[in-house]
Amino acid sequence: MEWLEKNLQDNFDLPPKHPSDEALRRWRSAVSFVKNRRRRFRMVADLNSRSQNERKRRSLQENFRNLRVAFFVHQAAATLIDGAKNKEYQVTEDIRNAGFSINPDELASITSKHDVKALRMHGEVDGISKKIRSTFDRGISVSDLETRQGIYGVNRYTEKPARSFWMFVWDALQDMTLIILMVCALISAVVGLASEGFPKGMYDGLGIILSILLVVMVTAISDYRQSLQFKELDNEKKKIFIHVTRDGSRQKISIYDLVVGDIVHLSIGDQVPADGLYIHGYSLLIDESSLTGESDPVYISQDKPFILAGTKVQDGSAKMMVTAVGMRTEWGRLMSTLSEGGEDETPLQVKLNGVATIIGKIGLLFATLTFVVLMVRFLIEKGLTVGLSKWYSTDALTIVNYFATAVTIIVVAVPEGLPLAVTLSLAFAMKKLMNDKALVRHLSACETMGSAGTICTDKTGTLTTNHMVVDKIWISEVSKSVIGNNTLQDLNSVISSTTLGLLLQGIFENTSAEVVKEKDDTETVLGTPTERAILEFGLKLQGGHNGEDMTCTKVKVEPFNSVKKKMAVLVSLPNGTHRWFSKGASEIIVQMCDRMVDADGNSVPLSEAQRKNILDIIHSFASDALRTLCLAYKEVDDFNENSDSPTDGFTLISIFGIKDPVRPGVKDAVKACMSAGIIVRMVTGDNINTAKAIAKECGILTDDGIAIEGPDFRSKSPEEMRDLIPKIRVMARSLPLDKHTLVTNLRGMFHEVVAVTGDGTNDAPALHEADIGLAMGIAGTEVAKESADVIVLDDNFTTIINVARWGRAVYINIQKFVQFQLTVNIVALVVNFVSACITGSAPLTAVQLLWVNMIMDTLGALALATEPPNDDMMKRPPVRRGENFITKVMWRNIIGQSLYQLVVLGALMFGGEQLLNIKGDDSKSVINTLIFNSFVFCQVFNEINSREMQKINVFRGMFSNWLFIGIIAVTVAFQVVIIEFLGTFASTVPLNWQLWLVSVGLGSISLIVGAILKCIPVKSDENPSSPNGYLPLSSGPDNI
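None of these values were measured; they are calculated from a predicted model. (Residues numbered from 1 in each chain as written. Predicted model: local features only at pLDDT ≥ 70, side-chain atom pairs only at ≥ 80, totals over all residues. Heavy atoms only, no water.)

Let's talk about helix H23 (residues 608-623)
(1) Moving on: Its 16 residues place the ends of H23 22 Å apart at the C-alpha level, agreeing with the 22 Å of an ideal helix rising 1.5 Å per residue.
(2) Moving on: Taken together, the buried positions of H23 are Gln610, Arg611, Ile614, Ile617, Ile618, Phe621 and Ala622. What you see down the axis of H23 is that its buried residues fit within an arc of 130°, all on one side. More than 90 degrees from the buried face of H23, the exposed residues found are Glu608, Ala609 and Lys612. (Helix = DSSP H or I, 4+ residues; strand = E, 2+ residues; numbered from the N terminus. Expected span 1.5 Å × (residues − 1). Buried < 20%, exposed > 50% of the residue type's maximum accessible area, 1.4 Å probe, protein only. Arc of directions from axis to C-beta.)

Okay, structure coming up:
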């Protein structure tokens, strides 16, 4: 067995993520024997198409850059040469009747070509908005949607049509062995008609053709259903929602419902959904590399207002008016020209392609030997009886049947369904996970998650509910709990109106949240949970207060940045001076302050004693599992618009303690991880005391674990990290770079399979680097989601554990199927070969072997590869990198069951007539039918046996799995029909009830054999902690 694993490791080993082209081509070249290339490689990446796409993308990017440069040159020349004319666009009657006054193509070209001259000619952004009947504050009217789509187009690009069912039928018919069998069947029918007449001479050939059609239809139906599941999942991946203003209210809509004239709200991490013009915003940086190939971000302003579809918001926020959608955008045209390159194949798919290739070669050898032995015996017997000079039509029929049997042995022996079973299992798991709020973007992620040994998770929104409220506040040396109206009134009574006005001004001006009006005129606060909590607190605190908070104007905004861990705003005051407000991580803001606001609202120096007291307050808030943020301000006389906000000289206003409760079920989920050998590490930007309090509540921070801050972690040498990383359970005040470093070292130093969660744009590198990147569906940005392998739609840690459960189920289910299929392969090969050598005939005919092939291939995959996960899967350690896929326990079960079946079938073949006292002219037909029936029932019961590779009780959970029960029932029912009613085509005869009992009895004994085999101890594989090393059975009902 070592040679098999060595071959798989050498030629069919693939990393779960970002495999090189060399690795992808290596295993393809190693697959030398394939029955149906179209079907086998349908779910495999088309490397040629992919490289063509890349060349085409680069060419289009180059053309786009050249076109833009050429246009700018033309524009500059046009301003110098009087009389130069631009292309004229006609405003048609349809456009006028719809109430618009600009041609769709002209409008699209203004943005795509960055045509500043045309924009000015139409009255800048304000003039364009009038011509497309949109206003900056109210947006468009919902009643206009259909009209706008009719004139300016829909926001979709042309996609490749889905494959029809008949295309899958055609794929299934491309199987070379089935084509050969069809030719054999036709020859058999022609020769049979000539020698035996109609209809008797047609039965053998017609039986093979009907069996082939049945195999083809079942295969096509299974593949078509898979394609529909993947199509549905693909549609889910494309569901992106954005915020727009329509009819004066802010709404969340699908990007596909976007129309020209919509006012779109953009923020960090968003993908721009359409071409548009900048209205207003703050520090908007756009990454245009997807269109131009250039990595330098573009600063967008009133002077450079052009924003293109497909680009990404790297920093800042803004409002944009849509000017072109769908195929009128450069992005739409680019996407429509790229063909499907396919997704990278998963490691399991590649490994099972290797298994199928190796066993296929063995099957080909046995099939050739079987045909040679049959032919030699036939020629010897013919030479001894009538001589080799006389040939009859029956001789031709015999040779054709021998050849058909040999080809059918190849059909059964080549486990073509193995790699396709992985796809089936993954499709089933992905569908179930979609229902459980996890969208798997890449096939390999679902499979790899089952091997995850570490999960690096965020705190906010993943372990906690993300429903934040301000629980405590410190201001003017007063610390108060602020839950409830009475406590708010108490706060109003202990601080002066000047202090309160300053606090409210800092809250309302320095926020990324906003109050928006819904369709029913109710007001809602939109923004991140932290920003919402503080703004809602400010609104409650404000009450009837009308201070200076409403009498200033924003001059400059610095949005929150996960590296700086703060945000800032510069406002101009009525007296002509300016004031900076800064809000962020408490330690960082306190460090920037040398003054504080006293009870009267005055700025007073901050003493060391007061600084120490403030730090104690922060620690006490954090120890209560509260997230702490500080708010400060600084007066300035002048400022430089291009410089960042100051980093010192601030006056501290307040400290907020924000409560974010732990999600229900997280503690149990973390406990389940520990039982499963998965280490959970919390990586957060919060204060270390807050992080430790939450981690202890969740069960993450244990006695043997440590908590560390990001700056300390960054300062460690590689040798120190090697000792430190295994102990880390909490990393606080971390940067995205720290998360990336932790993930890289866990994978590189410790060869761990690492899953990591992320929601921000800066988390993209860590999500990309990890074996499994998990982006948050609610809090996550589009950039994070695009870099992730799985999107956790409800942002819940429990959902992540569910992905791990299904990942393990996929791996173990495929192992069960491989164990079942290899047993059938071995028995079918040996029985036919030995029988051919000894008796000169094969007991299992072509039609019978085709039926067996369908039982073990398509139906077997459906039954075993779609088993749902159970709790026992999360009570064993994960599969480590490089472990053998076919374990010693599997070999024990395969060899044991194969030996039992070979002994039974051999006894029936060579002594069945005497043992069972079968006599008469048809005794040979009866015994061959009994052999076929017993063989099938051995597979039926072995399929049940394969549900558990280690435990004796194979019936646990079986009766709740209706798919498995249904397949077993259909298999048995169809077997009865074949034996009792289709004997003419299948070369069988009806059996009496005693022989039916013998067949079922012999098959059912495999359950007893399986139980005995599981009591034989097997030395575990390389890793003693492996779930597939199968620890020895212990006592107790759970281990039976």
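Some thoughts on the sheet that holds strand S23 (residues 728-732)
(1) Moving on: Pairing in this open sheet of eight strands is mixed, and the strands run S8-S26-S25-S24-S9-S21-S23-S22 from one edge to the other. Taken across any chain shown, the strands that pair with only one partner, and hence form the sheet edges, are strand S8 (438-440) and strand S22 (706-709). Going from strand to strand, the sheet's axes swing by 20° on average, the running direction of each strand aside.
(2) Moving on: Here strand S21 (residues 679-683) runs beside S23; their pairing, made up of two bridges, is parallel. The residue bridging Met682 from the neighbouring strand is Val730, located in S23. (Pairing = 2+ DSSP bridges. Axes fitted to C-alpha atoms, helices over the stretch in contact; angles between N-to-C directions.)

A closer look at the pattern of salt bridges
(1) Moving on: Taken as a whole, this structure holds 35 salt bridges when the rule is applied.
(2) Moving on: Here Arg328 makes a salt bridge to Asp105, at a shortest N to O gap of 3.0 Å. Of this pair, Arg328 sits in the loop between strand S7 (312-324) and helix H14 (330-337) while Asp105 sits in helix H6 (residues 104-112), placing them 223 residues apart in sequence.
(3) Moving on: Of the charged contacts, one joins Lys239 and Glu236 as a salt bridge, the two residues approaching to 3.1 Å between their closest N and O atoms.
(4) Moving on: With a relative accessible area of 21%, Glu236 lands in the partly exposed category. (Salt bridge = Lys/Arg side-chain N within 4 Å of Asp/Glu carboxyl O.)

Here's the deal with the packing of helix H16 (residues 393-413) against helix H32 (residues 846-864)
(1) Moving on: At their nearest, the axes of H16 and H32 sit 9 Å apart, and the two run at 5° to each other. It follows that H16 is roughly parallel to H32 by the angle criterion. Within the contact between the two elements, H16 uses Ala404, Thr405, Thr408, Ile409, Val411 and Val412 and H32 uses Ala846, Leu849, Leu850, Asn853 and Met856.
(2) Moving on: Classifying every residue of the contact of H16 with H32 by side-chain character gives eight nonpolar, three polar and no charged. (Parallel < 35°, antiparallel > 145°, perpendicular 65-115°, else oblique. Contact = heavy atoms within 4.5 Å. Nonpolar A, V, L, I, M, F, W, Y, C, P; charged D, E, K, R; others polar.)

Some words on the packing of aromatic side chains
Pairs of aromatic rings are described using the distance from one ring centre to the other and the angle between the two planes.
(1) Moving on: The tally for this structure, following the rule as stated, stands at 14 aromatic pairs.
(2) Moving on: Relative to Trp806, the ring of Phe428 lies with its centre 6.0 Å away and its plane at 65°, an arrangement referred to as edge-to-face. Highlighted residues: Phe428 in helix H17 (residues 417-435) and Trp806 in helix H31 (residues 797-838), separated in sequence by 378 residues. Like Trp806, Phe428 is buried.
(3) Moving on: With a centroid separation of 6.1 Å and an interplanar angle of 80°, the aromatic rings of Phe537 and Phe656 are classed as edge-to-face. Highlighted residues: Phe537 in helix H21 (residues 529-542) and Phe656 in strand S20 (residues 650-659), separated in sequence by 119 residues. (Phe/Tyr/Trp six-rings, centres within 6.5 Å; stacked < 30°, edge-to-face > 60°.)

What about a nonpolar patch on the surface?
(1) Moving on: On the surface, Met176, Ile179, Val183 and Ile187 cluster together into a nonpolar patch covering about 310 Å² of accessible area.
(2) Moving on: Along the polypeptide, Met176 turns up in helix H11 (residues 176-196). (Patch = residues over 30% accessible without salt bridge, like charges linked within 9 Å, V, L, I, M, F, W, Y side chains within 5 Å. Areas by Shrake-Rupley, 256 points an atom, 1.4 Å probe, with all protein chains shown as cover.)

Focus: the packing of helix H12 (residues 203-237) against H32
(1) Moving on: Direction vectors running N to C along H12 and H32 enclose 10°, while the axes themselves pass 9 Å from each other. Classed by the angle they form, the pair H12 and H32 counts as roughly parallel. On H32, the residues that touch Gly207, Ile208, Ser211, Ile212, Leu214, Val215, Val218, Thr219 and Ser222 of H12 are Ala846, Val847, Leu850, Met854 and Thr858.
(2) Moving on: Looking at the contact of H12 with H32 residue by residue, the class counts come to nine nonpolar, five polar and no charged.

Here's the deal with unusual backbone geometry
(1) Moving on: Not every positive phi belongs to a glycine, and Asp247 is a case in point at roughly 50°.
(2) Moving on: Residue position: Asp247 is located in the loop between strand S1 (241-246) and strand S2 (249-254).
(3) Moving on: Under the relative-accessibility criterion, Asp247 is labelled partly exposed at 34%.
(4) Moving on: We note that Asp795 has phi near 55°; this positive angle belongs to a residue other than glycine.
(5) Moving on: Position of Asp795 relative to the elements: it lies in the loop between strand S26 (790-792) and H31.
(6) Moving on: Among the residues examined, Asp795 registers a relative accessible area of 2% and is labelled buried.

Examining the UniProt feature "domain: Cation-transporting P-type ATPase N-terminal" (unreviewed entry) in the protein
(1) Moving on: According to UniProt, the feature "domain: Cation-transporting P-type ATPase N-terminal" (unreviewed entry) maps to residues 119-193 in the numbering used here.
(2) Moving on: This span, residues 119-193, is 60% helix and 0% strand, and a straight line between its end C-alpha atoms measures 82 Å. (UniProt positions renumbered as here; feature names shortened; annotations may be inferred.)

Section: the domain arrangement of the protein
(1) Moving on: Domain parsing of the protein yields domain 1 (92-155 + 258-339), domain 2 (347-391 + 410-427 + 804-1015), domain 3 (438-464 + 664-795) and domain 4 (469-659).
(2) Moving on: Just the C-alpha atoms count here: the centres of domain 1 and domain 3 sit 38 Å apart.
(3) Moving on: Across the contact, five residues belong to domain 1 and five residues belong to domain 3.
(4) Moving on: Roughly 430 Å² is buried in total at the junction of domain 1 and domain 3, and carbon and sulfur atoms are behind 56% of that figure. (Domains from an automatic or database assignment. Buried area = accessible area lost by both parts, 1.4 Å probe.)

Comments concerning the environment of Ala809
(1) Moving on: Examined against the element boundaries, Ala809 turns out to sit in helix H31.
(2) Moving on: Along the sequence, Ala809 and Met776 sit 33 residues apart, while their C-alpha atoms lie 23 Å from each other.
(3) Moving on: Residue contacts for Ala809: discarding those within four places in its chain leaves Glu867, Pro869 and Met873.

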